[in-house]
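# Remarks on the overall topology
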Amino acid sequence: MIKVLLVDDHAVVRMGLKVLINAVPDMEVIGEASEGNEGIDKALELQPNVVLMDLSMPHGKDGLSATSELKKRLPETAILILTMHDDEEYLFRAIQAGASGCVLKSAPHQELIEAIKYVHSGNAYLHPSATKRLMDEYLQSVKNNVSDDYQLLSDREKEVLTLIAKGYSNKEIGEQLVISVKTVETHKSNLMEKLQMKTRPELVSYALKKGLLGYGI
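Attention here is on the structure that accompanies the text. Starting afresh in each chain, residues are numbered from 1 along the sequence in its written order. Thresholds applied to this predicted model are a pLDDT of at least 70 for local features of residues and 80 or more for the giving and counting of side-chain atom pairs; totals over whole chains, interfaces and linings are not thresholded and use all residues. Excluded from the side-chain calculations are hydrogens and water; all other atoms, namely the structure's heavy atoms, are used.

### Here's the deal with the nonpolar core
The nonpolar core is taken to be a set of buried Ala, Val, Leu, Ile, Met, Phe, Trp, Tyr and Cys residues, with the residues joined through side-chain atoms within 4.5 Å. Only protein chains enter the accessibility calculation, which uses a 1.4 Å probe. A residue is then buried if its area is under 20% of the maximum for its type, exposed if over 50%, and partly exposed in between. Judged by nonpolar contacts, the single largest core of 22 residues is most densely connected at Ile 21, Leu 52, Leu 80, Val 103, Leu 112 and Ile 116. Looking at this core, the elements with two or more residues in it are strand S1 (2-7), helix H1 (11-22), strand S2 (27-33), strand S3 (50-54), strand S4 (78-83) and helix H5 (109-120). Take this core: its biggest share by element is five residues, from H5. We call two residues in contact whenever any of their non-hydrogen atoms come within 4.5 Å of each other. Excluding residues within four positions of it along the chain, Leu 52 makes contact with Val 4, Leu 5, Leu 6, Val 7, Leu 17, Ile 21, Leu 80, Leu 82, Leu 112 and Ile 116. Of all hydrophobic cores here, the second largest spans 20 residues; its members include Val 7, Val 51, Leu 64 and Leu 70. A run of DSSP states H or I qualifies as a helix once it reaches four residues; a run of E qualifies as a strand once it reaches two. Both are numbered from the N-terminal end.

In structure tokens:
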């Protein structure tokens, strides 16, 4: 049996959640609270498996503050944030506070039930649009890192990288840049170390992403 505590300032919302959750055979609402401080007290008293915590509660302690304090005092209890805000700022702040996930109040009933089961199993749950934003941010950070790494290269190393990506041999690069093959190899070794790469195909892929060949991927 998954024991659930509801923390929301709207009695009607709590009533609806209670009916929904209690209709599931392996779940039970064991308590309710209307603000964060009361939620913490009830959690310490009742020891729920999962706390459904409203994010915005105008009276008493808000959901983020209550989540942060509750995780310190009951680290094994999973906290699932309920929010109307489909906003990445709220999402990241909730995760930083120690929440196991976030569910939109507008989500289908079955999604909420699955989210409760998911966090009870020790997993983190994010609603689909939040997952997409996290992936987008991750991909953007990868792109930014590519840009930052490129700035570590000297002008000569950038020239060598571009020619490598275009398929030139070390000898041909030396002839293009009027430097010795040994110097080309030194530049190649240095730029691979800076970019943390080990093979020519990795360098070619990197150059494509940077648009050094006149087109990108």
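That shown, we press on.
### Details of the pairing of S2
Across six bridges, the pairing between S1 and S2 is parallel. Bridge pairing in S2 places Val 7 opposite Ala 33. Each parallel crossover has a hand, and for S1 linked through H1 to S2 it is right-handed. Think of it this way: DSSP has to see at least two bridges between two strands before they count as a pair. The definition of a right-handed crossover adopted here requires that, viewed with the strands pointing away, the path from the first strand over the helix to the second runs clockwise.

### Regarding the sheet that holds strand S5 (residues 101-104)
Ordered in space as S2-S1-S3-S4-S5-S6, the six strands form an open sheet in which the pairing is parallel. Here the strands that pair on one side only, and so sit at the sheet edges, are S2 and strand S6 (125-126). Taken together, the two bridges between S5 and S6 define a ladder with parallel strand orientation. Bridge assignment links Cys 102 to a residue of S6, and that residue is Leu 126. For helices, the axis comes from a line fit to the C-alpha atoms of the stretch in contact; other axes are also lines fit to C-alpha atoms, and the angle between any two N-to-C directions lies between 0 and 180 degrees. H1 rests against S1, S2, S3 and S4 of the sheet, and its axis sits at about 160° to S2. Sheet strands touched by helix H2 (residues 36-46): S1 and S2. Its angle to S2, the strand with the most contacts, is close to 135°.

### Points about the side chain of Asn 170
Residue placement: Asn 170 occurs in helix H8 (residues 170-177). Residues in contact with Asn 170, not counting those within four places in the same chain, are Val 181, Val 184, Glu 185, Lys 188 and Arg 200.

### Quick look at the pairing of S3
Regular strands show a simple pattern: their side chains alternate between the two faces of the sheet. With five of five residues buried, S3 is to be regarded as a mostly interior element. Burial of S3 is two-sided: the residues Val 50, Leu 52 and Asp 54 facing one way and the residues Val 51 and Met 53 facing the other way are all buried. Where S1 and S3 come together, four bridges link them in parallel fashion. Bridge pairing in S3 places Val 4 opposite Val 50. Bridge analysis of S3 against S4 gives five bridges, and the strand direction is parallel. When the bridges of S4 are listed, Asp 54 appears paired with Leu 82. Following the chain from S3 across helix H3 (residues 63-73) to the adjacent parallel S4, one finds a crossover that is right-handed.

### Focus on helix H7 (residues 155-165)
With eight of eleven residues buried, H7 lies mostly within the body of the structure. All of the buried residues in H7 are Glu 157, Lys 158, Val 160, Leu 161, Thr 162, Leu 163, Ile 164 and Ala 165. Once H7 finishes, Gly 167 follows within two positions and takes phi at roughly 95°, a positive value.

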